[in-house]
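Understanding the architecture of this molecule
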Amino acid sequence: MIDAMDKAAGLSPDDAVFSARRFRPEFVDGAELCRLSVLQPKSDQGLAQGLRVALAHRMAALNADQALIAEYGAQLAVLDPTEEVLALARGATDLDEPLATIARHVDLITLAPIQADAKDIAKLTEAGLDNPQIVALSELIAFVNFQTRVATGLRLMRSA
Amino acid sequence: MINSVRLKPLNWRPHIAPVEVSEATPEQLDAMKVTPSAKKVSEYVRTLVHDPESYVARTLLFNAIMYVEGGLARPDRELGALGASIVNGCKFCAVVHARRHAELTKSDYLVTALYLDKPETLAPRDVAIYRFARRLSATPSEATEEDIASLRSVGMDDIEIIDLIHAISIFGWANRLMHVLGHAESGK
């Protein structure tokens, strides 16, 4: 069965890399459970699925990951997003709060985590996020940056 | 002239208040797998367990990637983690995984070479792994097919390369938690 990571990496069951990936069922199943835990969690901490998918789309774009841009764009379209959430997904910065602060944080941590400091977390708190939301947002950002790297690595293996 | 670098461990302190064990929900307690020595649950775990669902899923995946039997040698996974942590600026993770590499190999050679910013003095296998780790960790990725060819040329098979991709990528994740949600302090 093709999962989200195979799809992102463009792998099909007749690829050698597809089979090699199955040597580690812990990685295959684990990555899928992680994806669900940040994009379709049972308890969303007040961060709706549409917002999460929009941010994933934004981060896929920052990572220039065409397959994941297309995938998250398709997922977002069926969630009937508002104009504001669509703008967030497309990389806008002139957004209402708390989306403007969330967008700024997502961009910083995706592009240059080395620059992050305590002030960046304080800004999320000032924008109204509580601690569970700050952690849930951090895990979402971190997951998408994991996903783009695994997909990129697998794609390079397939073509190299 | 420094002949050998030994790094001291750092402590990690969160920017937000961690969950107090006495106030944790049943789901959070279950996620922390609280034992009678509950006071020993680290601040890191208590911070991340604000969102127990992602905490459990990520911890299981992290442990599989770093500790699963067979495939890529443990020090090579640590080197992948270290390369990512340096690019992402997670000092705490970099020190932990540099120390673990030195323990596993019983040698400070690699840590010394990287600390002195002389990666060119590394063995060819370590050069290939370290370079790939750095390039895959950039946003967007700067890794290329030549990097994969380099890994293959030093004898790595597809299963080892997949293990390495995961070790680097899971630090694209872990670094974005540890360096973002807290900071490193020198040990006492």
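Residues numbered from 1 in each chain as written. Chains lettered and ligands numbered in written order. Predicted model: local features only at pLDDT ≥ 70, side-chain atom pairs only at ≥ 80, totals over all residues. Heavy atoms only, no water.

1. Thoughts on the overall build of chain A
Quick reminder of the rule: We count a stretch as a helix when DSSP gives it H or I for four or more residues in a row; a strand needs E for two or more, and each element gets its number in order from the N terminus. Each residue is assigned to one of three classes by its accessible area relative to the maximum for its type, calculated with a 1.4 Å probe on protein chains only: buried under 20%, partly exposed between the two thresholds, exposed over 50%. Whether two residues are in contact is decided by their heavy atoms: any pair within 4.5 Å suffices. Within this scheme the basic residues Lys and Arg register as positive and the acidic residues Asp and Glu register as negative, but His and the chain ends are omitted. We put the charge of a Lys on NZ, of an Arg on CZ, of an Asp on CG and of a Glu on CD.
Each helix and strand in chain A was counted, giving 9 helices and 0 strands. Its helices and strands taken in sequence order, chain A reads α-α-α-α-α-α-α-α-α from the N to the C terminus. Considered along the principal axes of its C-alpha atoms, chain A spans approximately 50 × 30 × 30 Å. Here chain A, with 160 residues, has 55% of them falling under the buried criterion. Contacts spanning at least 24 positions in sequence make up 61% of the contacts within chain A whose residues lie at least 6 apart. Once the 15 positive and 22 negative side-chain charges of chain A are each reduced to a mean point, those two points are 5 Å apart.

2. Notes on the environment of Ala94(B)
Residue and element names in this part refer to chain B. If you trace the backbone, Ala-94 turns up in helix 5 (residues 91-105). When its relative accessible area of 13% is taken as the criterion, Ala-94 is described as buried. Separated by 13 residues in sequence, Ala-94 and Ala-81 have C-alpha atoms that sit 7.7 Å apart. In this view, Ala-94 contacts Leu-82, Ser-85 and Ile-86; residues no more than four positions away in its chain are not counted.

3. Side note on the environment of Ala9(A)
All names here are of chain A. Relative to the elements of secondary structure, Ala-9 occurs in helix 1 (residues 4-9). For the pair Ala-9 and Glu-139, spaced 130 residues apart in the sequence, the C-alpha separation amounts to 21 Å. Discounting chain neighbours no more than four positions away, the residues touching Ala-9 are Ala-151, Leu-154 and Arg-155.

4. A few points about helix 4 (residues 74-88) of chain B
Quick reminder: α-helices carry 3.6 residues per turn. Residues three or four places apart thus point the same way. Residue and element names in this part refer to chain B. Here is the rule: Multiplying 1.5 Å by the residue count of a helix minus one yields the expected span of that helix.
Taking 1.5 Å per residue, 15 residues should reach 21 Å; helix 4 reaches 21 Å between its end C-alpha atoms and fits that length. With respect to burial, helix 4 is a largely interior element, 12 of its 15 residues being buried. Within helix 4 the residues assigned to the buried category are Pro-75, Asp-76, Arg-77, Glu-78, Leu-79, Gly-80, Ala-81, Leu-82, Gly-83, Ala-84, Ser-85 and Asn-88. Looking one or two residues beyond helix 4, the residue adopting positive phi is Gly-89, at roughly 75 degrees.

5. A short note on the interface of chain A and chain B
A common way to express how large an interface is: the accessible area buried when the components associate. Which entries qualify depends on this criterion: Each of two parts loses accessible area, computed with a 1.4 Å probe, when they are put together; buried area is these two losses added. We count a salt bridge whenever a side-chain nitrogen from Lys or Arg sits within 4 Å of a carboxyl oxygen from Asp or Glu. Under the rule applied, a polar contact is a pair of N or O atoms within 3.5 Å (in protein, one hydrogen donor and one hydrogen acceptor; residues adjacent in sequence only if both atoms are side-chain atoms).
Contact with chain A, which involves 51 residues of that partner, is made by 53 residues of chain B. Together, the buried faces of chain A and chain B total about 4400 Å²; carbon and sulfur atoms form 69% of this surface. For the chain A face of the interface with chain B, the top three residues by lost area are Phe27(A), Arg149(A) and Met157(A), together amounting to 17%. On the surface where chain A and chain B come into contact, there are 2 salt bridges. Counting across the chain A and chain B interface gives 24 residue pairs in polar contact (both at pLDDT 80 or more). Among the secondary structure elements, those contributing two or more residues to the side of chain A that touches chain B are helix 2 (16-21), helix 3 (25-39), helix 7 (99-111), helix 8 (118-126) and helix 9 (131-159) of chain A.

6. A look at the packing of aromatic side chains
Residues and elements named next belong to chain A. Heads up, the condition is: For this analysis, a ring pair means two rings from Phe, Tyr or Trp (six-membered ring only for Trp) whose centres lie within 6.5 Å, classed as stacked if their planes differ by under 30 degrees, edge-to-face if by over 60, and tilted for the remaining angles.
Here the structure, examined in full by the defined rule, presents 5 aromatic pairs over all chains. Each ring, one from Phe-143 and one from Phe-146, has its centre 6.2 Å from the other, and the planes form 40 degrees; the classification is tilted. Taken together, the positions of Phe-143 and Phe-146, both in helix 9 and 3 residues apart, correspond to about one turn of that helix. In this pair, the class of Phe-143 matches that of Phe-146, namely buried.

7. Some words on helix 7 (residues 124-137) of chain B
The first and last C-alpha atoms of helix 7 of chain B sit 20 Å apart over 14 residues, in line with the 20 Å expected at 1.5 Å per residue. Those residues of helix 7 of chain B that fall on the buried side of the exposure criterion are Asp126(B), Ala128(B), Ile129(B), Tyr130(B), Phe132(B), Ala133(B), Leu136(B) and Ser137(B). Looking at the packing, one finds that the buried side of helix 7 of chain B touches helix 9 of chain A together with helix 4, helix 6 (109-115), helix 8 (145-153) and helix 9 (158-181) of chain B.

8. Digging into the packing of helix 3 of chain A against helix 3 (residues 52-67) of chain B
Where we set the bar: To obtain each axis, a line is fitted to C-alpha atoms, and for helices this fit is confined to the stretch in contact; angles are then taken between N-to-C directions over 0 to 180 degrees. The labels follow the angle: roughly parallel below 35 degrees, roughly antiparallel above 145, roughly perpendicular from 65 to 115, and oblique for the rest. Each crossing gets its hand from how the near helix is turned against the far one by less than a right angle, where anticlockwise is left-handed and clockwise is right-handed. For this scheme, ten residues count as nonpolar: Ala, Val, Leu, Ile, Met, Phe, Trp, Tyr, Cys and Pro. Four count as charged, namely Asp, Glu, Lys and Arg, and the remainder, Gly too, count as polar.
Following both chains from N to C, one finds helix 3 of chain A and helix 3 of chain B inclined at 160 degrees, their axes separated by 9 Å at the closest point. As judged from the angle between their axes, helix 3 of chain A and helix 3 of chain B are roughly antiparallel. Crossing hand, helix 3 of chain A versus helix 3 of chain B: left-handed. Taking contact as the criterion, the partners of Glu26(A), Phe27(A), Gly30(A), Ala31(A), Leu33(A), Cys34(A), Ser37(A) and Val38(A) in helix 3 of chain A are, on helix 3 of chain B, Glu53(B), Ser54(B), Ala57(B), Arg58(B), Leu61(B), Ala64(B) and Ile65(B). Considered class by class, the residues forming the contact of helix 3 of chain A with helix 3 of chain B number 9 nonpolar, 3 polar and 3 charged.

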